[in-house]
Amino acid sequence: MALPGYGHGAFARQPVKEAAQEVLQCAAFSPYVGELNPNYGAHPSPELINKLLDTLVKETPFRCIMTYGVLNGLDAIFTAAKARHIKVIAILWLDDDIAINSQSIAKGIEVAKAFPETLIKLSCGSEVRTRHGNALDGEIIRCIDALHEARVSQPITTIDIWWEWCNRSLSCGQTSFAARVDWIGINIFPWWENKFSGIHTCIPAEKAADFHIARIEDVRRTYPGKDVVVTEFGWPNEPEGGTESNVKTGQQCGVATRKNQILAVQSTFKKLAKKKVSGVVFEAFSENWKSGKEGGFGGFWGICEGKPPYACAKGLTGH
């Protein structure tokens, strides 16, 4: 259901700037590297954020990042990005703590207005439905409504996996957010399809790009006229030679290596460029706090290491 007055009257949206529609090649950026953990303890310092962005600019082709939250000092990312002419897609982190969500929304509005050229797209949450089903739809809507009412200039979405944007259907139907958002942010991970899906059960690294494109086309057909962005895709690089078994078939089709990671990333960006679709590789720097998670693969998704000197993979080029 569309917002009352949305598109006209009090909450009228300004036309999306042409720059926001350009095809972008970005990297998901979390500065929780080394011993840092977002769940407790110290948060990333401005000095660390500057160091990581300097490394990203020096060692990779990426001049665009996607960030995960605006609280706990993460708003320093926007100042650092602006100084380096890096564009930012910003996620306002939403979860089941309503008070924290309110803080995120307020800070999100603040930085959106303070950095209108650097911060180019906004998302009310990331994979909220994946984690909570429909239980927090009201929080997503509250965030979207607040951004509309604040008249931020950036286009707005809520990011989730392709399955959620297809309304949990292979025939890919629209979700209740369709009329509320300006763009669609979808996360696509063949690696996890290989483990959990009973349909897409066997996608090796060399076929990852084709899988990404197929899911994009499903979503594009479902939301005509909306800018569709692949907000997360990637492949783990370690443990070297590690794999997962599909829980339904027992097949083992994904193998974690740096070579496979580069193959999946490079081939996907090439195909996205031909389709004129923006993409965000997951992720810029490996997050060591995730090392014991996701079957032991959680800490190895970065194209750059999560510890000093934060060396990045060779062979990544822009298209």
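Quick look at the structure, then. (Residues numbered from 1 in each chain as written. Predicted model: local features only at pLDDT ≥ 70, side-chain atom pairs only at ≥ 80, totals over all residues. Heavy atoms only, no water.)

Points about the state of the cysteines
Argument step 1. One pass over the structure, following the stated rule, counts five disulfides.
Argument step 2. Two residues share a disulfide in this structure: cysteine 26 and cysteine 64, whose sulfurs sit 2.1 Å from each other. Because the torsion about its S-S bond is 75°, the bridge between cysteine 26 and cysteine 64 counts as right-handed. A residue pair is termed long-range when its members are at least 10 positions apart, and cysteine 26 in strand S1 (residues 25-29) and cysteine 64 in strand S2 (residues 64-68) qualify at 38 residues.
Argument step 3. For cysteine 64, a relative accessible area of 2% corresponds to the buried category.
Argument step 4. Sulfur-sulfur distance for the disulfide between cysteine 304 and cysteine 312 comes to 2.1 Å. Every disulfide takes its handedness from the sign of the S-S torsion; for cysteine 304 and cysteine 312 that torsion is 100°, giving right-handed. Both residues of the pair, cysteine 304 and cysteine 312, count as buried.
Argument step 5. Disulfide partners in the protein chain, listed by the sequence order of the bonded cysteines, are 1-2, 3-4, 5-6, 7-8, 9-10. (Disulfide = S-S within 2.5 Å. Helix = DSSP H or I, 4+ residues; strand = E, 2+ residues; numbered from the N terminus. Buried < 20%, exposed > 50% of the residue type's maximum accessible area, 1.4 Å probe, protein only.)

What about the packing of helix H8 (residues 208-222) against helix H9 (residues 258-275)?
Argument step 1. At a closest axis distance of 8 Å, the pairing of H8 and H9 adopts a crossing angle of 35°. With respect to the hand of their crossing, H8 and H9 are arranged in right-handed fashion. Packed against H8, whose contacting residues are Ala208, Ala209, Asp210, His212, Ile213, Ile216, Glu217 and Arg220, the element H9 presents Ala264, Ser267, Thr268, Lys271, Leu272 and Lys275 at the interface. (Axes fitted to C-alpha atoms, helices over the stretch in contact; angles between N-to-C directions. Left-handed = near helix turned anticlockwise from the far one by under 90°. Contact = heavy atoms within 4.5 Å.)

Here's the deal with the nonpolar core
Argument step 1. In terms of nonpolar packing, the biggest core is built from 75 residues, with Leu147, Ile216 and Phe285 touching the most fellow members.
Argument step 2. Those residues in contact with isoleucine 216 that lie beyond four places of it in its chain are Ile186, Ile188, Val228, Val230, Leu272 and Val277.
Argument step 3. Counting 24 residues, the second-largest nonpolar core is a separate cluster that includes Met66, Ile91, Trp192 and Ala256. (Core = buried A, V, L, I, M, F, W, Y, C linked by side-chain atoms within 4.5 Å.)

Comments concerning the environment of leucine 263
Argument step 1. Within the secondary structure layout, leucine 263 lies in helix H9.
Argument step 2. With 54 residues separating them in the primary sequence, leucine 263 and alanine 209 have C-alpha atoms 9.0 Å apart.

Some remarks on the packing of aromatic side chains
Argument step 1. Tallied over the full model, the rule gives 14 aromatic pairs.
Argument step 2. Through successive ring pairs, a cluster of aromatic residues spans Phe189, Trp192, Phe196, Phe282 and Trp301.
Argument step 3. For the cation-ring pair, lysine 121 lies above tryptophan 183, with the distance from its terminal atom to the ring centre recorded as 4.9 Å.
Argument step 4. Of note, arginine 215 hangs over the ring of phenylalanine 211, and the distance from its end group to the ring centre comes to 4.7 Å. (Phe/Tyr/Trp six-rings, centres within 6.5 Å; stacked < 30°, edge-to-face > 60°. Lys NZ or Arg CZ within 6 Å of the ring centre and 35° of its normal.)

Considerations on the environment of valine 228
Argument step 1. Residue position: valine 228 is located in strand S7 (residues 227-233).
Argument step 2. Note on valine 228: relative accessible area 3%, which makes it buried.
Argument step 3. Linking valine 228 and aspartate 137, residues 91 residues apart in sequence, is a C-alpha distance of 21 Å.
Argument step 4. Sequence-distant contacts of valine 228, that is, excluding residues within four places in its chain, are made with Ile184, Ile186, Ile216, Val219, Arg220, Val277 and Ser278.

A few points about the pairing of strand S4 (residues 119-126)
Argument step 1. By the criterion of burial, S4 is predominantly enclosed, with eight of the eight residues buried.
Argument step 2. Here five bridges tie strand S3 (residues 87-92) to S4, and the two strands are oriented parallel to one another. Bridged to isoleucine 89 within S4 is lysine 121.
Argument step 3. Assessed by its sense of winding, the connection that carries the chain from S3 through helix H3 (residues 98-114) to S4 is right-handed.
Argument step 4. Pairing geometry for S4 and strand S5 (residues 156-161), over three bridges, is parallel. Among the inter-strand pairings, serine 123 is bridged to a residue of S5, identified as threonine 157. (Pairing = 2+ DSSP bridges. Right-handed = clockwise from strand over helix to strand, strands pointing away.)

A look at the sheet that holds S5
Argument step 1. Ordered in space as S1-S2-S3-S4-S5-S6-S7-S10, the eight strands form a closed barrel in which the pairing is parallel. Averaged over all adjacent pairs, the angle separating strand axes in this sheet is 25°, with direction ignored.
Argument step 2. Here two bridges tie S7 to strand S10 (residues 279-281), and the two strands are oriented parallel to one another. Along S10, the bridge assignment pairs valine 230 with glycine 279.

Brief notes about the pairing of S5
Argument step 1. Where burial is concerned, most of S5 is hidden: five out of the six residues are buried.
Argument step 2. Pairing between S5 and strand S6 (residues 183-187): three bridges, direction parallel. Its bridge partner lying in S6, isoleucine 159 is registered against glycine 185.

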